[in-house]
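Next come the chains, spelled out residue by residue.
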Amino acid sequence: MRREIPLIITGVVGVVFLLQYFIPHWPFDEMSGWFSDWFSIVQAFAIWLGALNLLKISAQKVIGKKSDWGFAVVIIVSFLIIVIVGLTGGEGYRETGTGFSWLYKYVYSSLSATMFSILAFFVASASYRAFRARNFEATLLLVSAFFVMLGRVPVGDNISFFLPDEYQLSQIANWIMTWPQTAGQRAIMIGIALGLVSTSLRIILGIERSYLGGGD
Amino acid sequence: MEHVALWIAAFLTLGIYSFLYKDNIWYKLCESIFVGISAGYWFVVLFWDNIYGKFWVGVFPPKAYNDAGELVNSAEPDYLLIVGAVLGVMMISRLIPKIGWVSRWPLAFIVGSTSGLYLINYFTSNMMRQVEATIIPLFGMNYELSAYDIIGNLVIVIGTFTGLVYFFFSKEHKGWFGRTAKIGIWTIMITFGASFGYTVMSRMSLLIGRIDFLFGDWLGLIK
Amino acid sequence: MSTRAKEILVIGIVLLFSIIIYLGKVFGWVEVIRFSPLVSMILIGILFLALLYILVLTLKGHLIERRAVFLFVAISVALPFFMTISQSARISPEVQQLYDNVSELPKGSKVLVSFDFDPPSAPELQPMAESFLHYCLLNDLKVIIMGLWPQGPQQANLAMDRVLKKEDIIAKKLRDGKDYVNLGFQAGNEFVIKGMGADFSSMFKSDYSGNSYHDIEIVKNVKNFSDIDFAFNLSAGYPGTQEWVQIAVDRYGLSMGAGNTAVQAPMMYTYVNAGQLKGLLGGIKGAAEFENIVDYIGKGTKYMLSQSFAHMIVIAFIIIGNVAYFKNERGKKKKH
């Protein structure tokens, strides 16, 4: 029954959400409303699970004095600081001026923004070392990228000032984005949608069971 | 206090950037702080907005009274939310390997909900509406479109159709089918090139934002 | 001197300079640095010569070290901040479409703004948010803010703090709860949108500050999407514009425009083409264009020169790499 009950849950919930499109009245609208509310709560607990798992792994690292256990201490301390500040702040915990908003603005925002901005350097380095026009298709990709990169900044029009208005780089970039790019994206989107529809159907019907994991 | 805050933010920013030189303790320290703070941030926000804000307030709605002490505003308790909380607690059981199998129930609930919703959503919005937008009068209803629009419509129709042909791998790409798929791959290469251009724009924007912070907010050298 | 000693020396010098410049900022010794147009041109010339040098080295078979590439990128992105070169952004059709849709809204219309992004995406989306909110508040549109990402409503507050300090907005004497409200965040991704389609109050029991939904004047007559005149979604990933289009637009008929990070924006063109989106701002260029069209001086426009330099540098590196590649390939073919 450890695998059968989850399969039944998946099937029932999936069918309710399917049917409420076609019968948006009682009982399916009410059931989908309950399920939507439960989903919000379960998802919150799912993310809590991730956070607590991180704490568990870090604690195991510290207790076992594994390599880099010092940084695991930093992880635990950072976690506890923001949690204590946030939970003791009451409902207005993130109002401007609170400890939580300070941590958000100067620590969390700085770190997360910087982490992602580091990719800019790697994009440039990878472009220099690896981006080669080895064949026609790669050349097409490069040329398209050049037109879009130049056309999407004002310097593109500065470079192509001698061309008629409708043939300047920004207009070419607009044309690429509006027509051929849209066509390619649409083909990819339709392909993904078809795959997703078939996978969802397999999950609801219980054919696809990989999400249950292995074992009993 | 703002001075301390700016220096802490700058210290953390430069610590992350020190990775560009080489992996070092400063970077590892900042990375660990980031991991801990991120997890804690989500923990707190989800507690107040969902577990307290939705579940607790839903099950035990606050009562409001007027100056005369009369009850003026009280929602009915929604006891069904307790089912969601029970499922949530079952999810946490995953931390204990012996009873971890219990988490399959809430997992099944999430997977089932998402599958049911996605099936119709993707079918209508990402497939049917897109196909509808591709079956268009190429020259307008009365040949009124400009050359620009006609060429654009032709590109959309041919590009989408050949792109889909390319993704059909059940038949070998030979002969006319192969030639059609070839045009499809050209369209997709243009798409990927445009996506690469936009990705460069996005990543550079993030870097520009941080440079603005370092030279503007921190050092005050730029406005 | 050992490498370790050199590293410590460099860190020490950087720290010392930072302290001096910071103290200069605090006590007013150091002012904002602006290069004249002549100096700006000279610096551009130096960067160009540096690129030529890299080209020569690469042609000789010496791929420059990646740390040199990183330094080059950093300098190229930072220098434009000090230059006095102005650039104007030509308006794209999808940005114009968004503006046309918003400008047609009568006074008092309810505009839902969904903040679905976090701090890493702020350089691109925050300028869009500020210019859009400013336009709405200036033109007497009622703004209802919410977020599907937990950081979204906080980013919204940062944007509102800046916008509410503008003189033209102060003059309007706007009130929280009457002219604008921040409903906060709700976990549940697309299920929140679905729930809002039936009843907003089922998803948002209170606003960001804890006031009960039913006590907030601006949402008194707002039950679901049919009571919203226009929506604007700022999105950096999942959940975001795609989910809003799939549920709010296609199922509930909401009229919606979007602002996306440049990574996501190319995919949204399909929705614009199909009429599902009523306009799109893509990346920092979209932000700059919208600031231009609504006459708002913001960071989008400020960042465009650095953006131009960054793109030119990446293109230059790609060209250098490929020139060297083709030269090597030709050399190999001649040998055979």
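The structure this text deals with has already been given above.
This text gives an overview of the structure that appears in the document. (Residues numbered from 1 in each chain as written. Chains lettered and ligands numbered in written order. Predicted model: local features only at pLDDT ≥ 70, side-chain atom pairs only at ≥ 80, totals over all residues. Heavy atoms only, no water.)

1. Side note on the overall build of chain A
A tally of helices and strands in chain A yields nine helices and zero strands. Each helix and strand of chain A, placed in order from N terminus to C terminus, yields the pattern α-α-α-α-α-α-α-α-α. Relative to a compact globule of 216 residues, whose C-alpha radius of gyration would be 17 Å, chain A shows 26 Å and is clearly more extended. Projecting the C-alpha coordinates of chain A onto the three principal axes gives extents of approximately 70 × 50 × 40 Å. The buried share of chain A, reckoned over its 216 residues, is 54%. Long-range pairs, those at least 24 residues apart, make up 31% of the contacts in chain A between residues at least 6 apart in sequence. Roughly 9500 Å² of accessible area belongs to chain A as shown, and the carbon and sulfur atoms make up 70% of that amount. For chain A, the distance from the average site of its 15 positive side-chain charges to the average site of its 13 negative ones is 15 Å. (Helix = DSSP H or I, 4+ residues; strand = E, 2+ residues; numbered from the N terminus. Rg over C-alpha atoms; globule rule 2.2 N^0.38 Å. Buried < 20%, exposed > 50% of the residue type's maximum accessible area, 1.4 Å probe, protein only. Contact = heavy atoms within 4.5 Å. Areas by Shrake-Rupley, 256 points an atom, 1.4 Å probe, with all protein chains shown as cover. Lys, Arg positive; Asp, Glu negative; His and termini not counted. Charge placed at Lys NZ, Arg CZ, Asp CG, Glu CD.)

2. A word on the overall build of chain B
Check the secondary structure of chain B and you find six helices and two strands. Mapped in sequence order, the helices and strands of chain B form the string α-α-β-β-α-α-α-α. Its C-alpha atoms give chain B principal-axis dimensions of roughly 75 × 55 × 50 Å. Out of the 223 residues in chain B, the part that is buried amounts to 54%. Of the contacts formed within chain B by residues at least 6 apart in sequence, a portion of 21% connects residues at least 24 apart.

3. With respect to the interface of chain B and chain A
Many analyses report the size of an interface as the accessible area lost when the parts associate. At the interface, 114 residues of chain B touch 108 residues of chain A. Carbon and sulfur atoms supply 81% of the area buried between chain B and chain A, which totals about 10800 Å² over both sides. Taken together, chain B and chain A are joined by three salt bridges. Between Glu137 of chain A and Lys182 of chain B there is a salt bridge, with the nearest N and O atoms lying 3.4 Å from each other. Here chain B and chain A share 22 residue pairs in polar contact (both at pLDDT 80 or more) between them. For the side of chain B that touches chain A, the leading source of residues is helix α2 (residues 25–59) of chain B, giving 29 residues. Looking at the side of chain B that touches chain A residue by residue, the class counts come to 75 nonpolar, 27 polar and twelve charged. (Buried area = accessible area lost by both parts, 1.4 Å probe. Salt bridge = Lys/Arg side-chain N within 4 Å of Asp/Glu carboxyl O. Polar contact = N/O pair within 3.5 Å; in protein donor to acceptor, adjacent residues only side chain to side chain. Nonpolar A, V, L, I, M, F, W, Y, C, P; charged D, E, K, R; others polar.)

4. Side note on a nonpolar patch on the surface
Residues and elements named next belong to chain C. A cluster of nonpolar side chains, Leu15, Ile19, Leu23, Val26, Phe27 and Trp29, forms an exposed patch at the surface whose accessible area comes to about 590 Å². Along the chain, Ile19 falls in helix α1 (residues 3–27). Take Ile19: its relative accessible area is 35%, and that puts it in the partly exposed class. (Patch = residues over 30% accessible without salt bridge, like charges linked within 9 Å, V, L, I, M, F, W, Y side chains within 5 Å.)

5. Describing unusual backbone geometry
Of note, the amide linkage connecting Trp26 of chain A to Pro27 of chain A takes the cis form, showing an omega dihedral of 0 degrees. With respect to the helices and strands, Pro27 of chain A occurs in the loop between α1 (4–22) and α2 (28–63). Residues Tyr238 of chain C and Pro239 of chain C are joined by a peptide bond in cis, for which omega reads -10 degrees. Assignment of secondary structure puts Pro239 of chain C in the loop between β4 (230–235) and α10 (241–249).

6. Digging into the interface of chain C and chain A
The partner chain A presents 59 residues to the 61 residues of chain C that form the contact. Of the roughly 5300 Å² buried at the junction of chain C and chain A (both faces included), carbon and sulfur atoms supply 61%. When the buried surface of chain C facing chain A is broken down by residue, Arg90, Phe191 and Ile318 of chain C rank first, second and third, together holding 13% of it. A salt bridge links Asp165 of chain A to Arg90 of chain C, with the nearest nitrogen and oxygen atoms 3.1 Å apart. At the boundary of chain C and chain A, one finds 23 residue pairs in polar contact (both at pLDDT 80 or more). At the level of secondary structure, the elements contributing two or more residues to the side of chain C that touches chain A comprise α2 (37–59), α3 (66–78), α4 (93–103), α6 (152–164), α8 (190–198), α9 (200–203), α11 (265–273) and α14 (304–335) of chain C. At 15 residues, the largest contribution of residues to the side of chain C that touches chain A is made by α14 of chain C. Class assignment for the residues of the side of chain C that touches chain A results in 31 nonpolar, 22 polar and eight charged.

7. Considering empty space enclosed by the protein
Within this structure, the stated rule accounts for one cavity of 30 Å³ or more. By volume, the largest cavity is sized at about 30 Å³. If you trace the largest cavity, you find it lined by Arg152 of chain A, Tyr198 of chain B together with Ser92, Glu94, Val95, Tyr269, Gly282, Lys285, Gly286 and Glu289 of chain C. Elements supplying a minimum of two residues to the lining of the largest cavity: α4 and α12 (283–294) of chain C. Ranked by the residues each element gives to the lining of the largest cavity, the list is headed by α12 of chain C, at three residues. Grouping the amino acids of the lining of the largest cavity by side-chain chemistry returns three nonpolar, three polar and four charged. (1 Å grid on protein atoms, 1.4 Å probe; cavity = no way out; pocket = protein on both sides within 12 Å on 5 of 7 lines; lining within 4 Å. Points joined across faces, edges and corners; volume = space filled by probe spheres on them.)

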